[in-house]
Amino acid sequence: QTHSIKSLLNDTVETGTAVEIKGWIRTTRDSKGGFSFLVVHDGSCFDGIQVVANNELDNYDDILKLFTGCSVIVQGDLVESGGKGQKFEIHAKSVEVVGWVENPDTYPVQPKRHTMEFLREVAHLRPRTNTFSAMIRVRNTMAQAVHQYFSQNGYFWLHTPIITASDCEGAGDLFRVSTLDMMNLPKTDKGEIDYSQDFFGKESYLTVSGQLNAETYACALSKVYTFGPTFRAENSHTQRHLAEFWMIEPEVAFADLNDVAQLGEDFLKFLIKKVLENNMDDMKFFNGFVDKTAIQRLETLSDDTFERVNYADALEILKASGRKFDYPVEWGLDLQTEHERFLTEQHFKKPIVVMNYPEEIKPFYMRMNDDGKTVAAMDVLVPGIGEIMGGAQREERLDYLLKRMEQHNLDPAEYKWYTDLRRYGTVPHAGFGAGFERLVSYVTGLSNVRDVIAFPRTPGSAKF
Ligand code: 4AD
Ligand code: MG
């Protein structure tokens with residue numbers, strides 16, 4: 001029976017038990033006294049376990065040649081460790097080498113610190129580092145917690161389509177899906193490529209958001225959420241933009257803007273609680289090597305109430321700050337990352353929810369406020385990142401919605417299915433989208449979203 005290293009280090013297996021582990025060598029050290037000390041990892045927890053092999057083992061010569069990255073199966077006895085820093089170790093009865101490292105000198109992930117830029121070049125091997133195995137364990141806890149949170153609160157998980165004809169956000173940053181025969185592209189009368197024949201005759205794209213589809217199910221099942229990949233063909237080279245990212249989108253019937261602002265706050269706090277419960281070893285590593293305030297930041301978050309502030313008031317704060325920003329602060333302009341970070345890091349010093357943005361900078365589906373110039377939008381902003389969630393109360397009144405669609409040059413015929421919700425038993429409803437990578441980035445302190453997803457997709461990078 002194979003043991004996970006986690007189960008051995010957790011005090012759940014009695015010392016003296018014969019155990020077997022399977023994993024990869026992290027470090028080796030040989031003593032003159034005829035012992036080789038191997039630290040073996042299997043990814044089940046942050047730490048590896050020390051294996052002590054002595055020169056009476058048949059293949060001791062081979063064991064001396066082991067190097068970081070080699071795979072092994074070890075059998076032996078679990079014993080209390082005399083060394084400091086670890087509670088248990090394995091006294092090996094056999095060390096089977098399953099896979100050698102071709103050339104130790106050129107093994108890309110040597111046992112030393114590498115830059116994040118370099119590790120992105122070897123994205124297939126970076127999970128072997130402390131940083132990336134810890135990241136994936138935290139990411140996994142958060143993904144499980146997403147489902148736990150919503151399922152506990154009566155939401156249904158809805159699988160929305162990846163291929164779609166609508167541009168939910170209206171930002172035009174769409175990846176086109178094509179079924180055209182590239183070797184024999186159809187031409188229009190003018191001799192240009194006829195893209196109207198895309199996707200079996202209908203222009204289609206990879207989804208930027210499942211929201212519009214989620215609204216239809218919320219208006220029948222009351223509470224739903226999506227959790228899946230979304231795509232943005234924006235040519236961004238920032239720390240917080242990916243071309244392919246995972247989004248969580250709850251949608252709630254009979255809810256207003258304040259309801260979903262509260263939902264966003266509760267949801268984020270729940271994820272953080274689960275990480276603190278399950279991944280303290282990983283978080284201690286991030287706290288030590290990535291972000292010195294990571295744990296404290298997460299621990300204090302549960303006591304903070306997220307400050308709610310109107311867009312108009314946020315502008316006043318920014319103007320009154322006397323700060324010189326690169327981008328202008330003016331009614332009708334969106335807040336830039338520098339503004340968001342000033343508000344959360346310098347002014348409020350905690351997460352905030354900015355609400356009621358000017359209608360001209362927000363998508364067509366947001367509900368018009370009584371002032372006739374703002375919509376019931378919200379962005380949740382956190383220190384270190386800026387926008388982590390964006391949401392709104394949806395326009396449930398048919399006449400208002402049609403008017404906004406007209407302003408946004410949307411064809412009512414194309415969105416008939418969407419406006420039908422307002423024709424048949426319409427209700428106030430609201431929701432938000434949380435970028436999963438931004439959430440993981442916030443929790444771990446890994447500042448670049450390229451480092452919190454296994455295989456990042458950014459402009460010019462679709463390798464692996
Ligand atoms: O603000 P966004 O564009 O909102 C929507 O898509 C809405 N339809 C959501 C809804 O109300 N159901 O995106 C939502 C969140 C952002 O706050 C951000 O966290 C993340 O998605 N996001 C990105 N994350 C990584 N890379 C990108 N290029 C992202 N674009 C948005
Ligand atoms: Mg947004």
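Going by the structure above, here's the rest.
Residue indices follow the written sequence of each chain, beginning from 1 at its first position. The order in which chains are written sets their letters, starting at A; the order in which ligands are written sets their numbers, starting at 1. Where totals are concerned, whole chains, interfaces and linings use all residues; where local detail is concerned, this predicted model gives features only for residues with pLDDT of at least 70, and gives and counts side-chain atom pairs only at 80 or more. Hydrogen atoms and water are omitted, and side-chain values are computed over all heavy atoms in the structure.

So, on to the pattern of salt bridges. A carboxyl oxygen of Asp or Glu within 4 Å of a side-chain nitrogen of Lys or Arg is what we treat as a salt bridge. Taken as a whole, this structure holds 21 salt bridges when the rule is applied. A salt bridge links D77 to K93; the nearest nitrogen and oxygen atoms lie 3.0 Å apart. With D77 in strand β4 (residues 71-80) and K93 in strand β5 (residues 88-99), this pair connects stretches of sequence that are 16 residues apart. When a residue's accessible area, from a 1.4 Å probe over protein chains only, is under 20% of the maximum for its type it is buried; when over 50% it is exposed; and in between it is partly exposed. On the basis of relative accessible area, D77 is assigned to the partly exposed category, the value being 22%. Take K93: its relative accessible area is 55%, and that puts it in the exposed class. Salt bridges linked by common partners bring R120, R126 and D451 together as one network. In this description a helix means any DSSP run of H or I spanning at least four residues, a strand means any run of E spanning at least two, and both kinds are numbered starting from the N terminus.

This part is about the sheet that holds strand β6 (residues 156-157). Two strands qualify as a pair provided that DSSP identifies no fewer than 2 bridges between them. In spatial order, the strands read β6-β10-β11-β16-β15-β14-β13-β12; together these 8 strands make up an open sheet with mixed pairing. Only two strands of the sheet have a single neighbouring strand rather than two, namely β6 and β12 (307-310). Here 2 bridges tie β6 to strand β10 (residues 223-231), and the two strands are oriented parallel to one another. What sits directly across from W157, in β10, is Y225. Sheet contacts for helix α6 (residues 211-221): β6, β10, β11 (244-253) and β16 (429-435); angle to β11, the most-contacted strand, approximately 30°. Contacts were defined at the residue level, with two residues in contact if any of their heavy atoms lie within 4.5 Å. In this analysis an axis means a line fitted to C-alpha atoms, helices contributing only their contacting stretch, and an angle means the value between N-to-C directions, from 0 to 180 degrees.

What follows covers the site of ligand 1. With respect to spatial proximity, 24 residues lie near ligand 1, and among them E169, Q211, E234, E249 and E387 are the closest. For ligand 1, an oxygen atom lies 2.9 Å from a polar atom in the side chain of R232. At 3.0 Å, a side-chain N or O of R394 approaches an oxygen atom of ligand 1. Residue-level accessible areas treat just the shown protein chains as cover; the underlying method is Shrake-Rupley with a 1.4 Å probe. In isolation ligand 1 has 630 Å² of accessible area, and contact with the protein removes 94% of it. Counting residues per element, the ones that place at least two in the shell around ligand 1 are β11, β15 (386-393) and β16. Broken down by element, the shell around ligand 1 gets its largest block of residues, 5 residues, from β15. Split into classes, the residues belonging to the shell around ligand 1 amount to 8 nonpolar, 8 polar and 8 charged. What makes a residue near a molecule or strand is one non-hydrogen atom of that residue sitting within 4 Å of it. Nitrogen and oxygen atoms within 3.5 Å of one another constitute a polar contact, given that in protein one can donate a hydrogen and the other can accept it, and given that sequence-neighbouring residues count only through two side-chain atoms. Under the scheme applied, nonpolar residues are Ala, Val, Leu, Ile, Met, Phe, Trp, Tyr, Cys and Pro; charged residues are Asp, Glu, Lys and Arg; polar residues are all the others, including Gly.

Function cannot be inferred from these measures alone, as they are strictly geometric.
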